Amino acid sequence: MSEPPVDPERILSELGVRYMTADLPESESGQIRRAKDGKYEVLVNANEGPQRRRFTAAHELAHFLLHRDLIDEHGHLDRLFGGAKNPSEPFSEAHEVQANKLAAQILMPKSRITALWQKDPDPEVMARQFSVSPAAMKIRLKTLRLFDS
């Protein structure tokens, strides 16, 4: 088993999905769409921090894995900040929850989290090792019932 952090860009590439960063408006974190050549593309906001870009890439990867049958050339835009609500089409709120859960599982695999928790149960240290935000790590630890604060 390789050491963290997991590289969602590499996973996308290995699946044949193009990964790109671009200057997007502040309220837009990323999107996934099918290009004219039939390949899928993930676009992530280059202006966001590295932890947010990684989570957005993993979130869009999750949409590809779970929901690609719903993605067309118009794609799906994810607005994660700025108070703007995600447009629902082609996904429902349940699709977004599924993508967030799978993104967390991709970036913070249970086996790696539990092994590290046994060695050093410090969410801040773990967040740095997995290259995620402390908030994301605490949510994942709570989901795994390892952390209750």
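Residues numbered from 1 in each chain as written. Predicted model: local features only at pLDDT ≥ 70, side-chain atom pairs only at ≥ 80, totals over all residues. Heavy atoms only, no water.

A look at the packing of aromatic side chains
Then comes step 1: Tallied over the entire structure, the rule returns 2 aromatic pairs.
Then comes step 2: Measuring from centroid to centroid gives 5.1 Å for Y40 and F64, while their planes differ by 70°, and the two rings are edge-to-face. Of the two residues, Y40 is situated in strand 3 (residues 40–45) and F64 in helix 2 (residues 50–67); the sequence distance between them amounts to 24 residues.
Then comes step 3: With relative accessibility at 13%, the residue Y40 sits in the buried group.
Then comes step 4: Residues W117 and F147 carry aromatic rings whose centres are separated by 6.3 Å and whose planes lie at 80° to one another, so their mutual orientation is edge-to-face. Here W117, found in helix 4 (residues 110–119), pairs with F147, found in the segment after helix 6 (134–143); they are 30 residues apart in sequence, far enough to count as distant. The exposure classification of W117 matches that of F147, with both residues buried.
Then comes step 5: Lying across the ring of F64, R68 places its NZ or CZ 4.4 Å from the centre. (Phe/Tyr/Trp six-rings, centres within 6.5 Å; stacked < 30°, edge-to-face > 60°. Helix = DSSP H or I, 4+ residues; strand = E, 2+ residues; numbered from the N terminus. Buried < 20%, exposed > 50% of the residue type's maximum accessible area, 1.4 Å probe, protein only. Lys NZ or Arg CZ within 6 Å of the ring centre and 35° of its normal.)

A look at the pattern of salt bridges
Then comes step 1: A full pass over the atoms with the stated rule returns 5 salt bridges.
Then comes step 2: Residue E14 pairs with R10 through a salt bridge whose shortest N-O separation is 2.9 Å. You can see E14 and its partner R10 sitting in helix 1 (residues 8–14), 4 residues apart, about one turn around the helix.
Then comes step 3: Residue class for E14 comes out exposed when judged on its relative accessible area of 59%.
Then comes step 4: Linking E124 and K138 is a salt bridge whose minimum nitrogen-to-oxygen distance equals 3.8 Å. Residue E124 is found in helix 5 (residues 123–130), and its partner K138 is found in helix 6; the two are separated by 14 residues along the sequence.
Then comes step 5: By relative accessible area, which is 35% here, E124 ends up partly exposed.
Then comes step 6: Look at the salt bridges and you will find they share partners, linking R18, R33, D37 and E41 into a network. (Salt bridge = Lys/Arg side-chain N within 4 Å of Asp/Glu carboxyl O.)

Here's the deal with the packing of helix 4 against helix 5
Then comes step 1: One way to put it is that helix 4 packs onto helix 5 with a least axis distance of 11 Å and a crossing angle of 135°. Classified by the angle their axes make, helix 4 and helix 5 are oblique. Pair helix 4 / helix 5 crosses with right-handed handedness. Between helix 4, through R112, I113, L116 and W117, and helix 5, the contact on the second element is made entirely by P123, M126, Q129 and F130.
Then comes step 2: Counted by class, the contact of helix 4 with helix 5 contains 6 nonpolar, 1 polar and 1 charged residues. (Axes fitted to C-alpha atoms, helices over the stretch in contact; angles between N-to-C directions. Parallel < 35°, antiparallel > 145°, perpendicular 65-115°, else oblique. Left-handed = near helix turned anticlockwise from the far one by under 90°. Contact = heavy atoms within 4.5 Å. Nonpolar A, V, L, I, M, F, W, Y, C, P; charged D, E, K, R; others polar.)

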